[in-house]
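What follows is each chain in one-letter form.
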Amino acid sequence: MLFHSSMAVVNLFLRNIHHVKSHSLYLRFSVSSLWIMAAGMLLFRSCGSAPSQSKEATPPPPRTGIALYLPEYWHSSNHAVFAPIMQPLLQKGMDTAFLVRLMTDSRVQFKESLVKINVTGYRKPTDYSQHHDAYSVNKGVSFMEQHSRDLDSAAANYNVHKQANKSILWIETKFGKITGNHSIASVILSVALANRPENIEKNKNVVRQELSEKKDTTGLYELEKKIEQRANKKSAWAIDQLMALDSMRSRYHADVLDIKGSFAGAFGLSQFLPSSYRSWAVDGDGDGKINLFDEQDAIFSVANYLSVNGWRKDRESHEKAVFHYNNSKDYVSAVLTLAEKLGMDK
């Protein structure tokens, strides 16, 4: 009876992670499964009759790796919700202990609204026209005066105009006043489930309802296909961002599950995604930490980003680099218009 109860725990775990094909991952989970079996045996024993008085109970071995988080995993309401994305994350090599923590931490929750806005939100383009008005210019001048040393240093190191750097920080977060209040982990995990049939159908219903209210269903079929395509693309994107979040842990100055940001998964003054942080974030103030909520780190990271992605002396390279930052022609126009109003050569 004890053996069969232990095996039930193992089988339940294996059903949730499906099949791990990688040999290295297989070995990792083979070891973890042994610990899980031991945990199941202990659990069964604690719920059964009192132990024999003639033998002293043997203390259980210390739990490590994924078994360390086993009770939280089985008692978390998230594990069933996020189970479909465990296999692709494991196949890509995500640290198993971090994966279980990611899916059991109370700060991380599935939010249907985040799936909706990331899949269907493209139909309502952002208006950037207000970001280069007189008020924006005045705020930009003040910021440049206050942070002139860092802006000049970053410009010299990366050959990127300081006005463009400032423009991005203003348009993204108003110099850090509006950085977002969404759990980044919740955003990305939720979006990773966008391609689930039930979520695709819900988002299709959203556009159906909108068109129905307008009494015009022209192009509904094409729109539904677009929703499917975006759902699949966003899910794949989210898996990559989760892997980047995993890799961030060795460089980030705090717990990555504490990071708050936008509904799109970006954070800090510069609104970097985890993959952008991994590739282009730098330590601007030399304190050994890369904190994009800090002005100096954000300034140097934006300069590095633009430089690596093609910023040179000509207008065409400027447009290319900024477009890489945000794939919107209106965004590119707003950044460069404000930069020019702040004194950048055209």
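See the structure shown above.
Since we're looking at a predicted model, the values are computed, not measured.

1. Concerning the overall build of the protein chain
Thought 1: When you go through the protein chain residue by residue, the secondary structure sums to 17 helices and 2 strands.
Thought 2: Residue burial in the protein chain is summarised as follows: out of 346 residues, 47% are buried.
Thought 3: Sequence separation of 24 or more characterises 73% of the internal contacts of the protein chain that already satisfy a separation of 6 or more.
Thought 4: When the accessible surface of the protein chain is split by element, carbon and sulfur atoms take 53% of a total near 18000 Å².

2. Things to note about the layout of surface pockets
Thought 1: Within this model, the largest pocket holds a volume of roughly 1700 Å³.
Thought 2: Taken together, 39 residues make up the lining of the largest pocket; nearest its centre are Y128, K234, A264, N326 and N327.
Thought 3: Elements that contribute at least two residues to the lining of the largest pocket include exactly α7 (112-120), α10 (162-173), α13 (220-248), α14 (274-280), α16 (315-325) and α17 (329-341).
Thought 4: At 5 residues, α13 tops the list of elements feeding residues into the lining of the largest pocket.
Thought 5: Class assignment for the residues of the lining of the largest pocket results in 16 nonpolar, 16 polar and 7 charged.

3. A word on the pattern of salt bridges
Between side chains of opposite charge, pairing is possible as soon as their charged atoms come close.
Thought 1: Per the counting criterion, the structure on display carries 17 salt bridges.
Thought 2: E201 serves as the salt-bridge partner of R208, at 2.7 Å between the closest nitrogen and oxygen.
Thought 3: On the accessibility criterion, R208 (27% relative accessible area) is partly exposed.
Thought 4: Classification of E201 by relative accessible area gives partly exposed; the value is 35%.
Thought 5: With a closest N to O distance of 2.3 Å, R315 and E340 form a salt bridge. Note that R315 is positioned in helix α16 and E340 in helix α17, a separation of 25 residues in sequence.

4. Here's the deal with the environment of L269
Thought 1: Here L269 is to be found in the loop between β2 (260-261) and α14.
Thought 2: If near-sequence neighbours (up to four positions away) are discounted, L269 is found in contact with L169, E172, T173, F175, G176, T179, L292, F293, D294, E295 and A298.

5. Looking at the packing of α10 against helix α15 (residues 295-308)
Thought 1: Running from amino to carboxyl end, α10 crosses α15 at an angle of 115°, the nearest separation of the two axes being 10 Å. Relative to α15, the element α10 lies roughly perpendicular. The handedness of the crossing between α10 and α15 is right-handed. Facing α10, whose interface residues are N165, I168 and L169, α15 presents A298, I299, V302, A303 and L306.
Thought 2: Grouping the amino acids of the contact of α10 with α15 by side-chain chemistry returns 7 nonpolar, 1 polar and no charged.

6. Digging into the side chain of S328
Thought 1: Structurally, the position occupied by S328 is in the loop between α16 and α17.
Thought 2: On the basis of relative accessibility, which here comes to 17%, the residue S328 falls in the buried class.
Thought 3: Aside from chain neighbours lying at most four places away, what touches S328 is Y128 and F323.

7. Examining the packing of α10 against α17
Angle between the axes and distance between the axes are the two parameters that describe a pair of packed helices.
Thought 1: The contact between α10 and α17 brings their axes to 8 Å, and the two run at 125°. Judged by the angle between their axes, α10 and α17 are oblique. As for the relative orientation of α10 and α17, their crossing is right-handed in sense. On α17, the residues that touch Q163, A164, K166, S167, I168, W170, I171 and E172 of α10 are Y331, A334, V335, L338 and A339.
Thought 2: Partitioned by chemical class, the residues of the contact of α10 with α17 number 9 nonpolar, 2 polar and 2 charged.

8. Overview of the environment of H182
Thought 1: Note on placement: H182 falls in strand β1 (residues 182-183).
Thought 2: Separated by 78 residues in the primary sequence, H182 and K260 place their C-alpha atoms 5.1 Å from one another.

9. As for the side chain of S167
Thought 1: Considering the arrangement of structural elements, one finds S167 in helix α10.
Thought 2: Under the relative-accessibility criterion, S167 is labelled buried at 0%.
Thought 3: In this structure the side chain of S167 is engaged in a polar contact, spanning 3.4 Å, whose partner is the backbone oxygen of V335.
Thought 4: Non-local contacts of S167, meaning those with residues more than four positions away in its chain, are made with V335, L338, A339 and L342.

10. Description of the packing of aromatic side chains
Thought 1: This structure, assessed with the given rule, holds 14 aromatic pairs.
Thought 2: Consider the rings of W280 and Y305, whose centres lie 4.5 Å apart with planes at 65°: the pair is edge-to-face. Taken together, the residues span a long stretch of sequence, with W280 in helix α14 and Y305 in helix α15 at a distance of 25 residues.
Thought 3: Judged by relative accessible area, Y305 falls into the buried class, the value being 4%.
Thought 4: Through a chain of ring-to-ring contacts, three or more aromatic side chains come together here, namely Y128, F272, W280, Y305, Y325 and Y331.
Thought 5: Taking the ring centre of W170 as reference, the NZ or CZ of K174 above it sits at 4.8 Å.
Thought 6: The ring of W237 has K234 lying over it, and the distance from NZ or CZ to the ring centre is 4.9 Å.

Conventions and cut-offs
Residues numbered from 1 in each chain as written. Predicted model: local features only at pLDDT ≥ 70, side-chain atom pairs only at ≥ 80, totals over all residues. Heavy atoms only, no water. Helix = DSSP H or I, 4+ residues; strand = E, 2+ residues; numbered from the N terminus. Buried < 20%, exposed > 50% of the residue type's maximum accessible area, 1.4 Å probe, protein only. Contact = heavy atoms within 4.5 Å. Areas by Shrake-Rupley, 256 points an atom, 1.4 Å probe, with all protein chains shown as cover. 1 Å grid on protein atoms, 1.4 Å probe; cavity = no way out; pocket = protein on both sides within 12 Å on 5 of 7 lines; lining within 4 Å. Points joined across faces, edges and corners; volume = space filled by probe spheres on them. Nonpolar A, V, L, I, M, F, W, Y, C, P; charged D, E, K, R; others polar. Salt bridge = Lys/Arg side-chain N within 4 Å of Asp/Glu carboxyl O. Axes fitted to C-alpha atoms, helices over the stretch in contact; angles between N-to-C directions. Parallel < 35°, antiparallel > 145°, perpendicular 65-115°, else oblique. Left-handed = near helix turned anticlockwise from the far one by under 90°. Polar contact = N/O pair within 3.5 Å; in protein donor to acceptor, adjacent residues only side chain to side chain. Phe/Tyr/Trp six-rings, centres within 6.5 Å; stacked < 30°, edge-to-face > 60°. Lys NZ or Arg CZ within 6 Å of the ring centre and 35° of its normal.

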